[in-house]
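Understanding the architecture of this molecule
The lines below spell out each chain.
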Amino acid sequence: MDYIMKCPVCGHEVDMFDICDNCDYKNSGPKENLDGPTGPNKMTLREAREAYKEGKKIV
Ligand SMILES: [Zn+2]
C-alpha cells in the first residue's frame, strides 16, 4: 500500500520514496535531512528547495 506524503520541496502530494510529479524531486521519506545524504538526487533537499524557488530544474 502506498503512503502519500507532502513533497519536502514543493508540498505537492507524492508517494513516499517516489518522484514528485510537480518538481521531479525524489523524496527519501519523512526523516530526510536538509543537507543530505542526497540519496537518489544529485542535490540535497536544501539545494532542491532553492532550485525550485528559483524555477530551476531539480536533479
Ligand atoms: Zn515536489
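Residues numbered from 1 in each chain as written. Predicted model: local features only at pLDDT ≥ 70, side-chain atom pairs only at ≥ 80, totals over all residues. Heavy atoms only, no water.

Turning next to the coordination of the zinc ion. Surrounding the zinc ion are the protein donor atoms Cys7 (SG), Cys10 (SG), Cys20 (SG) and Cys23 (SG), which sit 2.3 Å from the metal. Geometry at the zinc ion is tetrahedral, judged from its four donor atoms and the angles of 103 to 118° they form at the metal. Read in sequence order, the donor residues for the zinc ion give the motif C-x2-C-x9-C-x2-C. Of this pair, Cys7 sits in the loop between β1 (4-6) and β2 (13-15) while Cys23 sits in the loop between β2 and α1 (45-53), and the two are 16 residues apart along the sequence. Across this residue pair, the class does not change: Cys7 and Cys23 are buried. (Donors = N, O, S within 2.8 Å, 3.2 Å for Na, K, Ca; no water. Tetrahedral: all angles 85-135°; square planar, octahedral: opposite > 155°, others 65-115°. Helix = DSSP H or I, 4+ residues; strand = E, 2+ residues; numbered from the N terminus. Buried < 20%, exposed > 50% of the residue type's maximum accessible area, 1.4 Å probe, protein only.)

Tracing the backbone through its elements, the reader meets Asn27 in the loop between β2 and α1. A polar contact of 3.1 Å, which involves the side chain of Asn27, links it to the backbone oxygen of Asp15. When sequence neighbours within four positions are dropped, the list of residues in contact with Asn27 reads Met5, Pro8, Val14, Asp15, Met16, Phe17, Asp18 and Glu32. (Polar contact = N/O pair within 3.5 Å; in protein donor to acceptor, adjacent residues only side chain to side chain. Contact = heavy atoms within 4.5 Å.)

Another point: the pattern of salt bridges. Two side chains carrying opposite charge are able to pair once their charged atoms lie near each other. Evaluated as defined, the whole model comprises four salt bridges. Put simply, Lys57 and Asp24 hold a salt bridge, and the shortest N to O gap is 2.8 Å. Of this pair, Lys57 sits in the segment after α1 while Asp24 sits in the loop between β2 and α1; the two residues are 33 residues apart in sequence, bridging distant segments of the chain. Here Lys57 falls in the exposed class, since its relative accessible area comes to 57%. For Asp24, a relative accessible area of 36% translates into the label partly exposed. With its nearest N and O atoms 2.7 Å apart, the salt bridge here joins Arg46 to Asp35. (Salt bridge = Lys/Arg side-chain N within 4 Å of Asp/Glu carboxyl O.)

These values are about where atoms sit, not about what they do.
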